[in-house]
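Residue-level structural notes
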Amino acid sequence: MKIAVVGAGLMGSGITQQCAQSGYPVVNIDTFAAAQEKSKTNLKLLFDKKIAKGKLTAEDAAEVLARISYSTDYAAAADADLVIEAVPEKIELKKEVFSKLDGVCKPDCLLLSNTSGLSISELAAATKRPQQVIGTHFFYPAPVMKLVELIRGLVTTDEVYLKAKSFIESLGKTTVDAPEYPGFIVNRILVPMQNEAAFMVMEGCSPEDVDNAMKLGTNMPMGPCELTDFVGIDVMLATMTGLYNGFHDSKYRPCPLLERMVKAGHLGRKSGQGFYKY
Ligand SMILES: NC(=O)c1ccc[n+]([C@@H]2O[C@H](COP(=O)([O-])OP(=O)(O)OC[C@H]3O[C@@H](n4cnc5c(N)ncnc54)[C@H](O)[C@@H]3O)[C@@H](O)[C@H]2O)c1
């Protein structure tokens, strides 16, 4: 079975690596060659570290790397049996990618999307094979995280669902069936919790107290404020806004403090300032 992964960013790189590690020949397609160069260099560095620590042999690393090829041309997906899309979370961009893939891929090729919350049915409708489109939501970093949420579109067939599930399981992942509603399962529960933590900080609680309460009282490895800083205040706010707009329900109202922080450029770890200073 031959795999194509579209996108060589954070997720596309990890998914490409995971497919190759699981024995599949995989072509990575990104329209920006520089993104692929970065992805290639990072993977080589990661493997070199593992080799130095004795966690991987040089032969095994070379075998995995040899299974990966790179292209900036969608035509490279022509002989793929399954394509996983991981381009930025913009509906118009993803629809364009799905339509292009539909044009070059074999008729029986499955089209999977790693979207964090966009409609699978809408992506599917951009193709002439909507029944062969399904959401497979990996978590970051893809080679480490065990979970993949499976999201069926309105017309995804049982056969396609079962094939996608068995492929994901062959990568050593566990799947859960998530509804085609914003946030799927994990983000629908996790992100409102982070949002609620931000409301508590806005009301005067310290981020340290909120985080300690959740770490020591519920055994979370990381407190919600720390976690929001880690993923990025802007990213978390965008997900919360997606829930609010998607459900048209005030229970998902994004915390105004998060909006102020983003406007001030306090984006969390990556900007040096979020709930905490870095
Ligand atoms: N970052 C995460 O933690 C995370 C977790 C789960 C799911 N996701 C989802 O995965 C998807 C990708 O996210 P990411 O964080 O890897 O993004 P990213 O910005 O790191 O990478 C996106 C890649 O897509 C490439 N690209 C842009 N336009 C393209 C096109 N037309 N054709 C081919 N390649 C193109 C870019 O060059 C870039 O390398 C998004 O839908 C996101 O919501 C992200």
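Quick summary incoming for the structure in this document. (Residues numbered from 1 in each chain as written. Predicted model: local features only at pLDDT ≥ 70, side-chain atom pairs only at ≥ 80, totals over all residues.)

1. What about the site of the ligand?
Just so we agree on the cut-off: Each residue receives a C-beta atom built from its backbone; the residue is near a molecule or strand if that atom lies within 6 Å of it. In this text, helices come from DSSP runs of H or I with a minimum length of four residues, and strands from runs of E with a minimum of two, each type numbered from the N-terminal end. Under the scheme applied, nonpolar residues are Ala, Val, Leu, Ile, Met, Phe, Trp, Tyr, Cys and Pro; charged residues are Asp, Glu, Lys and Arg; polar residues are all the others, including Gly.
Around the ligand lies a shell of 23 residues, among which Gly9, Met11, Ala35, Ser116 and Tyr140 are the nearest. At the level of elements, helix H1 (10-21) and helix H4 (91-104) are the ones that each hand at least two residues to the shell around the ligand. Split by residue class, the shell around the ligand holds 14 nonpolar, seven polar and two charged.

2. Things to note about the pairing of strand E8 (residues 174-178)
Each regular strand carries side chains that alternate between the two faces of the sheet. Note the following rule: Two strands qualify as a pair provided DSSP detects at least 2 bridges between them. Seen with its strands pointing away from the viewer, a crossover is right-handed when the path leading from the first strand over the helix to the second is clockwise.
Note that strand E7 (residues 147-152) and E8 share five bridges and pair parallel. Its bridge partner lying in E8, Glu149 is registered against Val176. In this region the chain leaves E7, passes through helix H6 (residues 158-170) and returns to the parallel neighbour E8; the handedness of that crossover is right-handed.

3. Re helix H8 (residues 207-218)
Worth spelling out the cut-off: Between the first and last residue of a helix there are one fewer steps than residues, each counted as 1.5 Å, and that sum is the expected span. Counting other C-beta atoms within 10 Å of each residue's C-beta, where C-beta atoms are placed from the backbone, gives the exposure class: buried for 20 or more, exposed for 12 or fewer, partly exposed between. Along the arc lie the directions from the helix axis toward the C-beta atoms. Two residues qualify as being in contact provided that their C-beta atoms, derived from the backbone, are within 7 Å of each other.
Between its first and last C-alpha, H8 extends 16 Å over 12 residues, near the 16 Å set by a 1.5 Å rise per residue. Along H8, the residues classified as buried are Pro207, Val210 and Asp211. Buried residues in H8, looked at end-on, bunch into an arc of 95°, giving them a common side. Within H8, the exposed residues directed more than 90 degrees away from the buried face are Asn212, Leu216 and Gly217. Looking at the buried positions of H8, the neighbouring elements they touch are helix H7 (186-202) and helix H9 (224-231). Positive backbone phi, at 65°, marks Asn219, one or two positions downstream of H8.

4. Overview of helix H2 (residues 33-52)
Helix length check: H2 (20 residues) gives 29 Å between terminal C-alpha atoms against 28 Å at 1.5 Å per residue, within 8%. Among the residues of H2, Gln36, Ser39 and Leu43 are the ones counted as buried. Relative to the axis of H2, the buried residues are bounded by an arc of 60° and lie together on one face. Residues Ala34, Thr41, Lys44, Leu45, Lys49 and Ala52 are exposed on H2 and point more than 90 degrees away from its buried face. Where the residues of H2 are buried, they touch H1, strand E2 (26-29) and strand E3 (68-71).

5. Focus: the packing of H8 against H9
Helix packing for two helices is described by the angle between their axes and how far apart those axes are. Selection rule: Throughout, an axis means a line fitted to C-alpha atoms (over the contacting stretch in the case of helices), and angles, computed between N-to-C directions, take values from 0 to 180 degrees. Roughly parallel here means an angle under 35 degrees, roughly antiparallel means over 145, roughly perpendicular means 65 to 115, and every remaining angle is called oblique.
It is the contact of H8 with H9, at a shortest axis distance of 7 Å, that shows an interaxial angle of 105°. Judged on the interaxial angle alone, H9 and H8 are roughly perpendicular. Where H8 approaches H9, its residues Pro207, Val210, Asp211 and Met214 are matched on the opposing element by Pro224, Cys225 and Glu226. Taken together, the residues that form the contact of H8 with H9 break down as five nonpolar, no polar and two charged.

6. Some thoughts on the sheet that holds E7
Taken together, the eight strands give an open sheet; going across it, the order is E3-E2-E1-E4-E5-E6-E7-E8, and neighbouring strands pair in mixed fashion. The two strands at the open ends of the sheet, each matched to only one other strand, are E3 and E8. The average undirected angle you get between the axes of adjacent strands in this sheet is 25°. As judged from the four bridges shared by strand E4 (residues 82-85) and strand E5 (residues 110-113), these two strands associate in the parallel manner. When the sheet's bridge partners are listed, Glu85 is paired in E5 with Ser113.

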